[in-house]
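Coordinates in review
The chain contents come next:
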Amino acid sequence: MERKTASVTTRKLSWITILQRDFKANGGAYLLAVPVIAYFILFAYKPLFGAIIAFKDFSRRRGIWGSPWADNFGFEHFIDFFTSVYFERTLRNTLTISLANILFGFPLPIILALLINEIHNKKYKRLVQTVSYMPYFISTVVVCSMITLFTDEKAFVAEIVGWFGMDVTGNLLNYEKAFLPIYTISTIWQSTGWNSIIYLAALSSIDMELYEAARIDGANRWKQTLHVTIPGISSTIILLLILAVGNAMNVGYEKVILLYNDLNRNSADVISSYVYRRGIEQADFSFGTAVGLFNSVINFAFVVTANKISHKVTGAGLW
């Protein structure tokens, strides 16, 4: 027993010594990690305790712990959302917008990165990258103002639509069927350049000897892209696709609120905009938290499902 205790103590001391040496050798790296750890503790883990108000009738005067539990074993706010007349509409619109962004918006950054990677002139390459990144840094309010102006009946977007036989009266945003393509196209314009950065970084890590071997075997540029470039960034593509599927329920309310109106609300209203009206404007914080928790659970289910499918199809995934 004494020998075992001594060996365990020696083992513990050795680990402490290793940690001390590691801190001394890599003190700068640990110091850089402190703000990141603090950020996640304050803004990711600490707010988790506030999720309990989804099961309570929250009162700011009583606080989180002093507020009474909601009816139906705490699920009253969830039932209220599921039985609401807005549930089906907002869920349908949220999934439709997310699916459109994934189908049309996800492949474009990959294509743009592949095209930029083929540019050999460094100055022109930087120019293309800068121009493609710029829309990402335009504020949402400015972008929505531009969309409103461009979709007016006298603006060029309405004229282009008119070439296909659609007569626009007023603003194109007043038409329910027009909201989805307008939202999707503008989102693609904003984010494609910025999202291509991670693919460009992945492309830079591909071994150039693979291209040389492919050229020796007689592969042209197209075959090199198919058999060297795309397989080289496939893990990055799979990772980002799983994350995109996991954010399917997180359609932001800012852009939707700035673009929707009474005429297009039936196709524009999403879960986040409904929660904004109910949870923020009407100060129903418990309801807003309940819907946010519902979104998180669904997104988690999407991530797990997408990861399993990815493992079966490609053999790779998040975990």
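All of the points below concern the structure found in this document. (Residues numbered from 1 in each chain as written. Predicted model: local features only at pLDDT ≥ 70, side-chain atom pairs only at ≥ 80, totals over all residues. Heavy atoms only, no water.)

So, about the overall build of the protein chain. When you go through the protein chain residue by residue, the secondary structure sums to 17 helices and 0 strands. Based on the C-alpha atoms only, the size of the protein chain along its principal axes is roughly 90 × 75 × 40 Å. Here the protein chain, with 319 residues, has 34% of them falling under the buried criterion. Split by element, the accessible area of the protein chain, about 20600 Å² in all, is 66% carbon and sulfur. Put simply, the protein chain has 28 plus and 22 minus side-chain charges, and the middle of one group is 12 Å from the middle of the other. (Helix = DSSP H or I, 4+ residues; strand = E, 2+ residues; numbered from the N terminus. Buried < 20%, exposed > 50% of the residue type's maximum accessible area, 1.4 Å probe, protein only. Areas by Shrake-Rupley, 256 points an atom, 1.4 Å probe, with all protein chains shown as cover. Lys, Arg positive; Asp, Glu negative; His and termini not counted. Charge placed at Lys NZ, Arg CZ, Asp CG, Glu CD.)

Attention now moves to the side chain of T229. Examined against the element boundaries, T229 turns out to sit in helix α12 (residues 221-232). Once residues lying within four places of it in the same chain are set aside, the contact partners of T229 are L114, L203, I206, Y211 and Q224. (Contact = heavy atoms within 4.5 Å.)

Tallied over the entire structure, the rule returns 6 salt bridges. Note that D269 and R89 form a salt bridge whose closest N and O atoms lie 2.9 Å from each other. Placement of D269 in the loop between α15 (265-268) and α16 (271-281) and of R89 in helix α5 (residues 87-105) is noted, with a sequence separation of 180 residues between them. In terms of burial, D269 and R89 fall into one category: buried. With a closest N to O distance of 3.8 Å, D262 and R265 form a salt bridge. For R265, a relative accessible area of 25% translates into the label partly exposed. Each member of the salt-bridge network shares a partner with another, and the members are D80, R278 and D284. (Salt bridge = Lys/Arg side-chain N within 4 Å of Asp/Glu carboxyl O.)

Although it is not a glycine, N72 adopts a positive phi angle of roughly 55 degrees. When you line up the elements, N72 lands in the loop between α3 (63-66) and α4 (76-82). With relative accessibility at 42%, the residue N72 sits in the partly exposed group. If you check the backbone angles, A283 has positive phi at about 55 degrees while not being a glycine. With respect to the helices, strands and loops of the structure, A283 is situated in the loop between α16 and α17 (285-313). Given a relative accessible area of 35%, A283 falls into the partly exposed group.

Core analysis: the biggest nonpolar cluster contains 19 residues, and I110, Y199, L203 and I233 have the highest contact counts within it. Going through the elements one at a time, α6 (107-117), α10 (176-204), α11 (208-216) and α13 (234-246) are the ones with two or more residues in this core. With 5 residues, α6 is the single largest residue contributor to this core. When near neighbours in sequence (up to four residues on either side) are disregarded, L203 contacts A113, L114, N117, T229 and I233. Counting residues in each nonpolar core, the second largest holds 18 residues, with I147, A178, I182 and Y183 among its members. (Core = buried A, V, L, I, M, F, W, Y, C linked by side-chain atoms within 4.5 Å.)

A separate point is the environment of G74. Along the polypeptide, G74 turns up in the loop between α3 and α4. We classify G74 as buried; its relative accessible area is 1%. Sequence separation between G74 and F55 is 19 residues; the distance between their C-alpha atoms is 4.4 Å.

Attention now moves to the side chain of S273. Within the element layout of this structure, S273 appears in helix α16. Judged by relative accessible area, S273 falls into the buried class, the value being 0%. In this structure, S273 is in contact with Y253, V256, I257 and Y260, ignoring residues within four places of it in sequence.

On inspection of all chains with the given rule, the structure shows 22 aromatic pairs. Ring centres of F75 and F78 lie 5.8 Å apart, and the angle between their planes is 50 degrees; on these two criteria the pair is classed as tilted. F78 sits in the buried class, given a relative accessible area of 10%. Pairwise contacts between aromatic rings join F81, F82, Y86, F87, Y274, F287 and F294 into one cluster. The positively charged end of K56 is found above the aromatic ring belonging to W69, 4.7 Å away from the centroid. (Phe/Tyr/Trp six-rings, centres within 6.5 Å; stacked < 30°, edge-to-face > 60°. Lys NZ or Arg CZ within 6 Å of the ring centre and 35° of its normal.)

Our next topic: the layout of surface pockets. If you add up the space inside the largest pocket, you get close to 930 Å³. Lining the largest pocket we find 29 residues, and of these N101, T187, S191, N195 and A244 sit closest to its centre. Of all the secondary-structure elements, those providing two or more residues to the lining of the largest pocket are α5, α10 and α13. Broken down by element, the residue count for the lining of the largest pocket peaks at 10 residues, all from α10. Counted by class, the lining of the largest pocket contains 17 nonpolar, 12 polar and no charged residues. Empty space within the second largest pocket amounts to approximately 510 Å³. The wall of the second largest pocket is formed by 20 residues, among which V275, G288, T289, V291 and G292 lie closest to the centre. Of all elements in the fold, only α16 and α17 reach the threshold of two or more residues within the lining of the second largest pocket. Ranked by the residues each element gives to the lining of the second largest pocket, the list is headed by α17, at 9 residues. (1 Å grid on protein atoms, 1.4 Å probe; cavity = no way out; pocket = protein on both sides within 12 Å on 5 of 7 lines; lining within 4 Å. Points joined across faces, edges and corners; volume = space filled by probe spheres on them. Nonpolar A, V, L, I, M, F, W, Y, C, P; charged D, E, K, R; others polar.)

Geometry only, nothing functional implied.
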